[in-house]
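So you can see what is in the structure, the chains are spelled out below.
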Amino acid sequence: MRAPAAAIADTARTLLGWHLSANGVTVRLTEVEAYAGTGEDPASHAHRGPTPRTRVMFGPAGHAYVYFIFGVHWCLNIVCGAEGEAAAVLLRAGEVVAGAQLASQRRSGASARELARGPARLVQALGIGKDANGTSVVDGTGPLLLSPPPTPLDPASVSSGPRVGVASAHDLPWRFWLTADPTVSAYRRHVPRLRK
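Source: prediction; values computed, not measured.

**Observations regarding the pairing of strand β1 (residues 19-22)**
The side chains of a regular strand alternate, first on one face of the sheet and then on the other.
And then number 1: Bridging between β1 and strand β2 (residues 25-36) involves four bridges; their strand directions are antiparallel. Residue pairing for β2: Ser21 is matched across the bridge by Thr26.
And then number 2: In textbook terms, the turn of a hairpin is the stretch between consecutive antiparallel strands, and for β1 and β2 this stretch comprises two residues, one of which, Asn23, has a positive phi near 50 degrees.
And then number 3: With three bridges joining them, β1 and strand β6 (residues 145-147) adopt antiparallel strand pairing. Its bridge partner lying in β6, Leu20 is registered against Leu146.

**Points about the packing of aromatic side chains**
And then number 1: Considering all chains together, one arrives at two aromatic pairs under this definition.
And then number 2: Directly above the ring of Trp177 sits Arg175, whose terminal nitrogen or CZ lies 4.1 Å from the centroid.

**Re the nonpolar core**
And then number 1: Grouped together as the largest cluster of nonpolar side chains are 39 residues, with contacts concentrated most on Val27, Leu76, Leu91, Leu126 and Leu144.
And then number 2: Of all the secondary-structure elements, those providing two or more residues to this core are α1 (8-15), β1, β2, β3 (64-69), β4 (73-79), β5 (87-98), α3 (119-126) and β8 (175-178).
And then number 3: Broken down by element, the residue count for this core peaks at six residues, all from β2.
And then number 4: Counting residues in hydrophobic clusters, the runner-up holds 13 residues, among them Tyr35, Met57, Tyr65 and Tyr67.

**Concerning the pairing of β4**
And then number 1: Counting buried residues in β4 gives five out of seven residues, a clear majority hidden from the surface.
And then number 2: Pairing of β3 with β4, which is carried by six bridges, proceeds in the antiparallel orientation. Residue Val66 lies in a different strand from β4, and its bridge partner there is Leu76.
And then number 3: Where β4 lies against β5, three bridges are found, and the strand directions are antiparallel. Across the sheet, the residue bridging to Val79 is Ala88, located in β5.

Cut-offs used in this document
- Residues numbered from 1 in each chain as written.
- Predicted model: local features only at pLDDT ≥ 70, side-chain atom pairs only at ≥ 80, totals over all residues.
- Heavy atoms only, no water.
- Pairing = 2+ DSSP bridges.
- Helix = DSSP H or I, 4+ residues; strand = E, 2+ residues; numbered from the N terminus.
- Phe/Tyr/Trp six-rings, centres within 6.5 Å; stacked < 30°, edge-to-face > 60°.
- Lys NZ or Arg CZ within 6 Å of the ring centre and 35° of its normal.
- Core = buried A, V, L, I, M, F, W, Y, C linked by side-chain atoms within 4.5 Å.
- Buried < 20%, exposed > 50% of the residue type's maximum accessible area, 1.4 Å probe, protein only.

Shown next, in the form of structure tokens:
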């Protein structure tokens, strides 16, 4: 789980296939994105250093970084860097492998494919919010528990490409997904909003 911030892309790739459980639902991670706070990744929330919002990104590793986006949705990251080096992996999508009925209730009857397809939907399916921010995902003390895949993932089954919806460093190929998995979210390049 803990790796140098500079190796965050490799860490992100290795999280594919892992299981994440919370509140009676388990998802198998099918899509992730890497973000480094090393000063070389302007798309990272931690790019300019720690703030009250991003302090959790600076460690320890194995904790959840939960943030609000567009004033509507919660998103979930796993902190992965060495203590003092910000690095996190955004969990973009997953396949619900246990607790589908609960996930469906939380997601208003969405299809199995759509239950956790996208970062906000994944958080909704798991039934978590800001209270998970800063809690451990590895030792069972928090609402989330991350566990390795039951069988090793074939590295050839992983694709990579640009991150979704970021205004800076958008061509960095730090989004990883399980090739052809139906739960992977659609790619959308960031389009700047015109001010009127």
